[in-house]
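# Coordinates in review
The residues making up each chain are set out below.
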Amino acid sequence: MKNFILHDPKLLTYGFLIIFFASYGQTFFIALFNDDIKNLYNLSDGQFGMVYALATTFSSLLLINFAKLIDFIDLRIYSFVVTIGLLLTCFGVYFLPENIFFLFIIIFALRFFGQGTMAHAGITSMTRYFGENKGKAISFGNLGGMLGVMFLPIIVVYLNKFFDFKQIWLLCSLSIILFLPVLYYTLSNQSDRQTKFQELNKKEEKIIWTTLQVIKNKKFLIYLPLTTSFSFIGTGLMFHQIFIFDQKGWTLDMLGTGFIFLGAFSIIGLLFGGPLIDLLNPKKAIVYLMLPIFIGILVLLSFKNFYFLIIYMSLYGLNLGISAPFTGSLWADLFGLESLGTVKALFHAIVVLASALSPVIFGYIIDWGFGISMISTICIIMIIISSLLPIIFDKNE
């Protein structure tokens, strides 16, 4: 482990921090302000879910072509462009007018720069430059995101006592300004890093995949439903967390406690998931990816006691933690490192699209008078079907 950390501590720091700040565009963070936004625009759960879905879908379509640029341009240029994009977006929330079109633009930019390009940059870099230790590197980078999940909701709940939601987003933009010089420092030796990477891969037979070739590839299609299921399910549950907690009789203080356990178990998932996937065959291990959240949804469906909230949030966090190293290693194993940016750009765009669909679908399920039972049933069916596909595929190979 010591040798792994000393291999490239600057890049590990880069991955950790850029994924942490990408939290500002993640659903768990935006959902903390759902009531403020719905009240400002007088929107229902389904209506706000629709705006969120359309903005996220648009960002996913743009992401396919934009995110693969990381294969062709300097990582420093790519990282600064997307980080400044998120900075300006957070600053824009402070001036959020009562115009639904402006809300659409803000949600689009948060999803595109935060969940999309910044998270993509961190994960792709961790996968590309750490060779056989890519699972550990992905876990280390995503530790930044997990700490964001763990502590940012608590910070927001505390800041709500002193500031309104627009002022909190202004503080977010100021924090990104502080990140910029650190970003410059961590990538100061990127030219040397890229040269070493190219030299190590010269002797290997390279297959350069285009986006269209990846889409047509049978392996990509068979593993895609499983690897995107958590994005759909997790985003939907997180986006409507206030509704779920109200239905269960849980309070916002309980929500804060739940996030502590969610964050803690996501870190446990990262710490064990990264080294574990480096030892296992990713194609064999991936079929167990959704097991924690499957059990968690059964708990959510069956119990109301506060202690089961802790179990549900812990299992959610565990699944969140293992997802990044498992899926990152899978795509590297299937398609190699040279075209990883292209493959991950397509995958990340589909992940973003999946995260766009569940808030609106779950939102209208809520508006139509259905509750947690219907949502849970949809999630359980999706997990079972997507987990069976790779098993059937392996048998047919």
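Keep in mind that what you see is a predicted model, and the values were worked out from it rather than measured. Residue positions within a chain follow its written sequence, with the count starting from 1. Selection of residues for local features in this predicted model requires a pLDDT of at least 70, selection of side-chain atom pairs for listing and counting requires 80 or more, and totals for whole chains, interfaces and linings are taken over all residues. Computation of side-chain values covers all heavy atoms of the structure but excludes hydrogens and water.

Okay, the overall build of the chain next. Counting its regular elements, the chain contains 19 helices and zero strands. In this treatment the radius of gyration is a C-alpha quantity, and the globule benchmark scales as 2.2 Å times the residue count to the 0.38 power. The C-alpha atoms of the chain give 20 Å as radius of gyration, which agrees with the globular expectation for 397 residues (21 Å, within 12%). Across its three principal axes, the chain shows a C-alpha extent of roughly 60 × 50 × 40 Å. Only protein chains enter the accessibility calculation, which uses a 1.4 Å probe. A residue is then buried if its area is under 20% of the maximum for its type, exposed if over 50%, and partly exposed in between. Expressed as a percentage of its 397 residues, the buried residues of the chain come to 57%. Positive charges are assigned to Lys and Arg, negative charges to Asp and Glu, while His and the chain termini are left out of the count. Where a charge sits is defined by one atom per residue type, namely NZ (Lys), CZ (Arg), CG (Asp) or CD (Glu). Counting 25 positive and 21 negative side-chain charges, the chain places the centres of these two groups 6 Å from one another. Only DSSP runs of H or I with at least four residues qualify as helices, and only runs of E with at least two residues qualify as strands; both kinds are numbered from the N terminus onward.

Quick look at helix α4 (residues 34-41) now. Of all the residues in α4, the buried ones are N34, I37, K38 and Y41. Angularly, the buried residues of α4 cover 95° about the axis, an arc narrow enough to put them on a single face. Residues of α4 that are buried in the fold lie against α3 (27-30), α5 (45-67), α7 (100-129), α9 (165-186) and α12 (218-239). In the stretch just after α4, N42 is the one whose phi turns positive, near 55°. In this description, one arc is meant: the one made by directions from the helix axis to the C-beta atoms. Every residue pair with non-hydrogen atoms within 4.5 Å of one another is taken to be in contact.

What follows concerns the packing of aromatic side chains. Pairs of aromatic rings are described using the distance from one ring centre to the other and the angle between the two planes. Pairing of aromatic rings covers Phe, Tyr and Trp, the last counted by its six-membered ring, and requires centre-to-centre distances within 6.5 Å; plane angles under 30 degrees mean stacked, over 60 mean edge-to-face, and any other angle means tilted. In this structure the tally under the stated criterion is 34 aromatic pairs. Measuring from ring centre to ring centre gives 5.3 Å for F66 and F112, while their planes differ by 65°; the resulting arrangement is edge-to-face. Residue F66 is found in helix α5, and its partner F112 is found in helix α7; the two are separated by 46 residues along the sequence. By relative accessible area, F112 is classed as buried at 4%. Members of the aromatic cluster, joined through ring pairs, are F20, F21, Y24, F28, F29, F33, F165, W169, F179 and F259. Comment: the charge-over-ring label is applied if NZ (Lys) or CZ (Arg) is within 6 Å of the ring centre and within 35 degrees of the ring normal. K10 extends its terminal NZ or CZ atom over the ring of Y185, reaching a point 4.4 Å from the ring centre.

Every buried residue of helix α10 (residues 190-200) is accounted for by Q190, R193 and F197. Seen end-on, α10 carries its buried residues on one side only, within an arc spanning 60°. Every exposed residue of α10 that faces more than 90 degrees away from the buried side is listed here: D192 and K196.

Turning our eyes to something else, we now look at the side chain of T228. Mapped onto the secondary structure, T228 falls in helix α12. The class for T228 is buried, based on a relative accessible area of 10%. Setting aside anything within four residues of it in sequence, one finds T228 in contact with F347, I350, V351 and A354.

This part is about the environment of L330. Mapped onto the elements of the fold, L330 is located in helix α17 (residues 306-335). Classification of L330 by relative accessible area gives buried; the value is 0%. It is 23 Å that separates the C-alpha atoms of L330 and C379, two residues lying 49 residues apart in sequence. Look past the residues within four positions of L330 in its chain and what remains in contact with it is Y223, T227, P282, K283 and I286.

Here we take up the state of the cysteines. Disulfides are defined as pairs of cysteine sulfur atoms found within 2.5 Å of each other. One pass over the structure, following the stated rule, counts zero disulfides. Lacking any disulfide linkage, C90 is separated from the closest cysteine sulfur, that of C172, by 5.4 Å. Given a relative accessible area of 0%, C90 falls into the buried group. Of the residues examined, C172 reaches a relative accessible area of 5% and is grouped as buried.

Here the term cavity refers to a set of points on a 1 Å grid, laid over the protein atoms alone, in which a 1.4 Å probe fits but cannot get out; the term pocket refers to an open set having protein on both sides within 12 Å along at least five of seven lines, with lining residues being those that place an atom within 4 Å of a point. Grid points are joined across faces, edges and corners, and a volume is the space filled by probe spheres set on the points. As a volume, the second largest pocket reaches approximately 270 Å³. Contributing to the lining of the second largest pocket are 16 residues, with L32, V157, N160, I242 and L252 lying nearest its centre. Secondary structure elements with two or more residues in the lining of the second largest pocket: α4, α8 (134-159) and α14 (252-279). Tallying contributions element by element places α14 first for the lining of the second largest pocket, with five residues.

On to the nonpolar core. Y24, F29, F33, W169, I233 and W331 are the most contacted members of the largest nonpolar core, which totals 128 residues. If one sorts the elements of this core by residue count, α7 sits on top with 14 residues. The contacts of F29, once residues within four sequence positions are left out, are S23, Y24, L152, V156, W169 and C172. Working definition of a nonpolar core: buried Ala, Val, Leu, Ile, Met, Phe, Trp, Tyr and Cys residues. They are joined through side-chain atoms within 4.5 Å.

Our focus in this paragraph is empty space enclosed by the protein. For the coordinates displayed, the defined rule picks out three cavities of 30 Å³ or more. Within this model, the largest cavity holds a volume of roughly 660 Å³. The wall of the largest cavity is formed by 29 residues, among which Q26, Q115, F230, L320 and V351 lie closest to the centre. The greatest single-element share of the lining of the largest cavity, amounting to six residues, is contributed by α12. Across the lining of the largest cavity, the residue classes tally to 14 nonpolar, 13 polar and two charged. Its boundaries defined by the atoms lining it, the second largest cavity holds a volume of some 70 Å³. Every residue along the wall of the second largest cavity is listed here: I30, F33, I37, V93, L96, L103, I106, I107, L110, F165 and W169. At the level of secondary structure, the elements contributing two or more residues to the lining of the second largest cavity comprise α7 and α9. Residue classes follow a fixed rule: Ala, Val, Leu, Ile, Met, Phe, Trp, Tyr, Cys and Pro count as nonpolar, while Asp, Glu, Lys and Arg count as charged, and any other residue, Gly among them, counts as polar.

We define a salt bridge as a side-chain nitrogen of Lys or Arg found within 4 Å of a carboxyl oxygen belonging to Asp or Glu. A full pass over the atoms with the stated rule returns four salt bridges. Put simply, D8 and R193 hold a salt bridge, and the shortest N to O gap is 2.6 Å. Highlighted residues: D8 in the loop between α1 (2-7) and α2 (9-21) and R193 in helix α10, separated in sequence by 185 residues. Given the relative accessible area of 11%, D8 is considered buried.

Note that every value here comes from positions in space, so none of it alone points to a role or purpose.
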